[in-house]
Amino acid sequence: MTSRAYVIQIPHAHTRALGVQAVAMKDTLLLWCGSVPASYAASVLDESGTPAKDDDLSATATYAADRAPSSLTARHGIEGRLADDWSVAMKIPGSASTGTTLYPSTHTMSLGIAQRLSAKLGVAQVYVSLDLPDSFAAPSHGMPMPPEDARALQAMELGLRRVGEAMHPYTQASSEAPRPSSIDVRT
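Criteria and cut-off values
Residues numbered from 1 in each chain as written. Predicted model: local features only at pLDDT ≥ 70, side-chain atom pairs only at ≥ 80, totals over all residues. Heavy atoms only, no water. Salt bridge = Lys/Arg side-chain N within 4 Å of Asp/Glu carboxyl O. Core = buried A, V, L, I, M, F, W, Y, C linked by side-chain atoms within 4.5 Å. Buried < 20%, exposed > 50% of the residue type's maximum accessible area, 1.4 Å probe, protein only. Helix = DSSP H or I, 4+ residues; strand = E, 2+ residues; numbered from the N terminus. Contact = heavy atoms within 4.5 Å. Pairing = 2+ DSSP bridges. 1 Å grid on protein atoms, 1.4 Å probe; cavity = no way out; pocket = protein on both sides within 12 Å on 5 of 7 lines; lining within 4 Å. Points joined across faces, edges and corners; volume = space filled by probe spheres on them. Nonpolar A, V, L, I, M, F, W, Y, C, P; charged D, E, K, R; others polar.

Peer 1: What exactly am I supposed to notice about the pattern of salt bridges here?
Peer 2: Tallied over the full model, the rule gives 4 salt bridges. Each of Arg-161, Arg-162 and Glu-165 takes part in salt bridges that share partners, so that together they form one network.

Peer 1: Teacher, can you tell me more about the nonpolar core here?
Peer 2: Ranked by internal contacts, the top residues of the largest apolar core, which has 30 residues, are Leu-130, Met-156 and Leu-160. For this core, the secondary-structure elements that each account for two or more residues are strand S1 (2-9), strand S2 (17-25), strand S3 (28-35), helix H3 (109-121), strand S7 (125-131) and helix H4 (147-172). The dominant element in this core, judged by the number of residues it contributes, is H4, at 8 residues. Those residues in contact with Met-156, other than ones at most four positions away along the chain, are Ile-8, Ile-10, Leu-18, Cys-33, Ile-113, Leu-130 and Leu-132.

Peer 1: I tried to follow unusual backbone geometry on my own but got confused; where do I start?
Peer 2: Leave glycine aside and you will find that most residues have negative phi; peptide bonds, for their part, are mostly trans. In this structure, Asp-27 takes a positive phi of about 60° despite not being glycine. When its relative accessible area of 34% is taken as the criterion, Asp-27 is described as partly exposed.

Peer 1: Would you take a moment to explain the pairing of S3 for this structure?
Peer 2: Across a regular strand the side chains alternate sides, sitting on one face of the sheet and then on the other. Most of S3 sits inside the fold, with 7 of its 8 residues counted as buried. Sheet analysis places S2 next to S3, joined by 8 bridges and oriented antiparallel. Paired with Val-23 across the bridge in S3 is Leu-30. The loop that links S2 with its antiparallel partner S3 comprises 2 residues; one of these, Asp-27, has a positive phi angle of about 60°. Both S3 and S7 contribute to a ladder of 7 bridges, which runs parallel. Its bridge partner lying in S7, Trp-32 is registered against Ser-129.

Peer 1: Looking at this structure, how should I read the environment of Ala-152?
Peer 2: Of note, Ala-152 is situated in helix H4. Spatially, the C-alpha atoms of Ala-152 and His-12 are 5.7 Å apart, while their sequence positions differ by 140 residues. The residues touching Ala-152, leaving out its near neighbours within four places in the chain, are Ile-10, Pro-11, His-12 and Phe-136.

Peer 1: Hey, could you run me through the environment of Thr-100 in this one?
Peer 2: For Thr-100, the location among the structural elements is in strand S6 (residues 98-103). Taking the C-alpha atoms as reference, Thr-100 lies 9.0 Å from Trp-86; in sequence the two are 14 residues apart. In contact with Thr-100, other than residues within four places in its own chain, are Ser-87, Val-88 and Leu-111.

Peer 1: Just checking my understanding: could you explain the layout of surface pockets for this structure?
Peer 2: Any empty space left between atoms is shown by rolling a water-sized probe over those atoms. Of the pockets and cavities examined, the second largest pocket occupies roughly 170 Å³. Along its surface, the second largest pocket is lined by 13 residues, and Arg-16, Ala-17, Val-36, Ala-38 and Ala-41 are the ones closest to its centre. Looking at the lining of the second largest pocket, the element that brings in the most residues is helix H1 (residues 38-48), giving 4 residues. Of the residues that constitute the lining of the second largest pocket, the class distribution is 8 nonpolar, 4 polar and 1 charged.

The following block contains the structure:
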């Protein structure tokens, strides 16, 4: 099992960065994505981050090398919810991926993201847990999502895919893969 922490910088006015905790096991990948304090995001991005642009779909996922999850909670007060919006998708050979919601919420965005990641990455099981800030809440009663939020969610999913690609070697073998330094997710 290998665990890594990342920060995804996204083009959004109210939420400029999201934290990602990735856990890879044989044929399984778990991705938690949620809010992180600005001080933590800045400490990671100051080392190797590139600012996200507001005018395009871009995101930067930066590996938080020396920041173990236990120290995140103690030093930066990160208190995310694992089961706010939690889904799993399974890759079925010769077929589209299938999935289910493990813990539903009012906005179940995690299911579609997990299914797309499972199909794209080729990992047998992909768990996605989203603990997004209120500014990303899906609109209710069939109202369209504001364009800024839609772009930020697309950038978040792109960042999650890049993190998944970086963690993919850990799902294939029991030996340690090289440690990533940063991932450019510009389109």
